[in-house]
Amino acid sequence: MIFDTHAHLDADQYDNDRDDMIARAKQEGVGRIVNIGFNRETIPTTLQLTEQYDFIYAAVGWHPQDAKDMTPDDLPWIEELCRRDKVVAIGEIGLDYHWDTSPRDTQARVFREQIRLALKLGMPIVIHNRDAHKDVVDILREEQAAEVGGIMHCFSGSWETAKLCLGMNFHISFGGPITFKNAKQPKEVLAQVPLDRLLLETDAPYLAPHPYRGKRNESSYIRLVAEAAAEIKGVSVDELIEITTANACRLFGIQPPS
Ligand code: NI
């Protein structure tokens, strides 16, 4: 049973075949999915998926790209939703200096407010970090995020950054890019991340693994990510799947499948 720790299956890209795509994932052995609701539009559609499918769970939070649109009502809204059974994390939250669609000080404020909420509720956080490695690490440290820990989603930083995150109680998650021939750094980092801190994800519909690179991604393709990770770690695919699924279940507080 594979655990896809980060997906956006409510995205428009699936409007014509969402049920079939989710059925394919189940057929391929994906037994747990955390779907990410990250703004006013995607939080309700994410929660809807958790009501429709017993094996889909939710993370809810406010994405750094949308930071400028967050109103004073949104944080209490997120807090209220976090009390639902199938909401298992706050995210994705963080900093995005690649697109820079919100001012950086606004991104930082929204990030800090949500870390404080996670500490108050005792929930893990899912971190989005695009070209902002130093500031993300500094904020996690200053806000004492180690108390709750969480996930560095689709990790793209150096081993130095990964070590700092591991030291703050974070898991490191990898997706499609570890299957790309030219993705040297993520493969090198993955080789060094301890197995008990490793997670798998698709980030579907984005970041499809080889040989689907550039096309629409799906949760069922996570097996390709598992195969690439197993090869790099020097363990069997079954073993890698078993360990990463156990890691995710423990982190999110979700019952492992029997
Ligand atoms: Ni995402």
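The following paragraphs examine the structure supplied in this document.

Conventions and cut-offs
- Residues numbered from 1 in each chain as written.
- Predicted model: local features only at pLDDT ≥ 70, side-chain atom pairs only at ≥ 80, totals over all residues.
- Heavy atoms only, no water.
- Donors = N, O, S within 2.8 Å, 3.2 Å for Na, K, Ca; no water.
- Tetrahedral: all angles 85-135°; square planar, octahedral: opposite > 155°, others 65-115°.
- Helix = DSSP H or I, 4+ residues; strand = E, 2+ residues; numbered from the N terminus.
- Buried < 20%, exposed > 50% of the residue type's maximum accessible area, 1.4 Å probe, protein only.
- Disulfide = S-S within 2.5 Å.
- Pairing = 2+ DSSP bridges.
- Axes fitted to C-alpha atoms, helices over the stretch in contact; angles between N-to-C directions.
- Contact = heavy atoms within 4.5 Å.
- Salt bridge = Lys/Arg side-chain N within 4 Å of Asp/Glu carboxyl O.
- Left-handed = near helix turned anticlockwise from the far one by under 90°.
- Nonpolar A, V, L, I, M, F, W, Y, C, P; charged D, E, K, R; others polar.

### Remarks on the coordination of the nickel ion
- For the nickel ion, the full set of protein donor atoms is His 6 (NE2), His 8 (NE2), Glu 92 (OE) and Asp 203 (OD), at a range of 2.1 to 2.7 Å.
- Given 4 donor atoms and angles of 82 to 175° at the metal, the environment of the nickel ion is assigned as irregular.
- Between the donor residues of the nickel ion, the gaps in sequence give the motif H-x1-H-x83-E-x110-D. Here Asp 203 lies in the loop between β8 (198–200) and α8 (222–233) and His 6 lies in strand β1 (residues 2–7), a separation of 197 residues in the sequence. Accessibility classification places His 6 together with Asp 203 in one group, the buried group.

### Considerations on the state of the cysteines
- Applying the stated criterion to the full structure yields 0 disulfides.
- Counting only cysteine sulfurs, Cys 165 is the nearest neighbor of Cys 154, a cysteine outside any disulfide, at a range of 14 Å.
- Note on Cys 154: relative accessible area 15%, which makes it buried.
- We note that Cys 249 lacks a disulfide partner, and the nearest cysteine sulfur, in Cys 82, lies 19 Å from it.
- When its relative accessible area of 3% is taken as the criterion, Cys 249 is described as buried.

### Points about the sheet that holds strand β2 (residues 30–37)
- Reading across the sheet, the 8 strands line up as β1-β2-β3-β4-β5-β6-β7-β8 and stay open at both edges, with parallel pairing between neighbours. Sheet topology places β1 and β8 at the edges, where each strand pairs with a single neighbour. Within the sheet, the average angular offset between the axes of one strand and its neighbour, ignoring direction, is 30°.
- In this structure, strand β6 (residues 150–152) lies alongside strand β7 (residues 170–174), joined through 3 bridges in parallel fashion. What sits directly across from Met 152, in β7, is Ile 172.
- Strand contacts of helix α2 (residues 42–52): β2, β3 (56–60) and β4 (87–96), with the helix running at about 160° to β3, the strand carrying the most contacts.
- Packing against the sheet, helix α4 (residues 104–121) makes contact with β4 and β5 (125–130), and its axis sits at approximately 155° to β4.

### A closer look at the pattern of salt bridges
- Scanning the entire structure with this criterion turns up 19 salt bridges.
- In this structure, the salt-bridge partner of Asp 74 is Arg 40, at a minimum N-O distance of 2.6 Å. Of this pair, Asp 74 sits in helix α3 (residues 74–82) while Arg 40 is found in the loop between β2 and α2, placing the two residues 34 residues apart along the sequence.
- A salt bridge links Arg 104 to Asp 100; the nearest nitrogen and oxygen atoms lie 2.9 Å apart.
- Salt bridges here are not isolated pairs; linked through shared partners, they connect Asp 17, Arg 24, Arg 216 and Glu 218.

### Side note on the packing of α4 against helix α5 (residues 133–142)
- Where α4 contacts α5, the two axes come as close as 10 Å, and the packing angle between them is 35°. Remark: the crossing between α4 and α5 carries right-handed chirality. Contacts between α4 and α5 involve Ala 108, Phe 111, Arg 112 and Ile 115 from the former and Val 136, Ile 139, Leu 140 and Glu 142 from the latter.
- The class makeup of the residues in the contact of α4 with α5 is 6 nonpolar, no polar and 2 charged.

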